[in-house]
Amino acid sequence: MIELRRAHQPACNTAVVAPSAVLTLAGDPQSARLARTFVREYIACHVPGASADHIDRVTLVTSELVSNSIRYGTEPGDSLRLVLDADGGRTRVEVHDPVRRRPRTRPESGVRTRGRGLLVLDALCPGSWGVDAIPLGKSVWAEVKA
């Protein structure tokens, strides 16, 4: 389980152990919260100069990708993987799930309360997201510029 840090604690102690770039999550709704915490800790440790705005955008993108994967890319008992890569210029977020069906943008609707995740990706990562086939499913990825 990921531990939340208090505001007065240091962001990262790399002399001990830096957070891994990969997190395996259960395919259930609580995993989105764990993913958001993981992303904030990872960026704080690996890109200590990242702006609060960048961290917020990456966290939102991660939440959308993980939530969509749970809703459309997993079945009961499945897991998914969150893979991060960050440097001073961008953060790449990948979510791997076992379903090959590719996500599709839905028409805008004032009635529907779901189905806006890819619109969020378009807004936060214009031209910098996609879907790749992997051996046991797919990887949906996005790059958030710093």
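Everything that follows concerns the structure shown earlier in this document.
Peer 1: So what about the pattern of salt bridges? Which residues, and what values?
Peer 2: If you walk through the whole model with that rule in mind, you get seven salt bridges. The salt bridge partner of R40 is D56, with a shortest N-O separation of 3.0 Å. In this pair, R40 sits in helix α1 (residues 30-46) while D56 sits in helix α2 (residues 52-72), placing the two residues 16 residues apart along the sequence. Take D56: its relative accessible area is 41%, and that puts it in the partly exposed class.

Peer 1: How would you sum up the environment of R90? Please name residues and give values.
Peer 2: Structurally, R90 is set in strand β3 (residues 90-97). The buried category is assigned to R90, whose relative accessible area is 18%. When the C-alpha positions of R90 and A50 are compared, they lie 9.5 Å apart, and in sequence the two are 40 residues distant. Not counting residues within four places of it along the chain, the set of residues in contact with R90 comprises H54, D85, E143, V144, K145 and A146.

Peer 1: Tell me about the sheet that holds strand β5 (residues 137-145), residues and numbers included.
Peer 2: Taking strand neighbours across the sheet as the criterion, the five strands line up as β1-β2-β3-β5-β4 in an open arrangement whose pairing is antiparallel. Of all strands in the sheet, those bounded by a partner on one side alone are β1 (22-26) and β4 (129-134). Averaged over neighbouring strand pairs, the angle between their axes works out to 20° when direction is ignored. Both β3 and β5 contribute to a ladder of eight bridges, which runs antiparallel. By the bridge assignment for β5, R92 is matched with E143. Sheet strands in contact with α2 are β1, β2 (79-86), β3 and β5, and its direction is about 10° off that of β3.

Thresholds applied
Residues numbered from 1 in each chain as written. Predicted model: local features only at pLDDT ≥ 70, side-chain atom pairs only at ≥ 80, totals over all residues. Heavy atoms only, no water. Salt bridge = Lys/Arg side-chain N within 4 Å of Asp/Glu carboxyl O. Helix = DSSP H or I, 4+ residues; strand = E, 2+ residues; numbered from the N terminus. Buried < 20%, exposed > 50% of the residue type's maximum accessible area, 1.4 Å probe, protein only. Contact = heavy atoms within 4.5 Å. Pairing = 2+ DSSP bridges. Axes fitted to C-alpha atoms, helices over the stretch in contact; angles between N-to-C directions.

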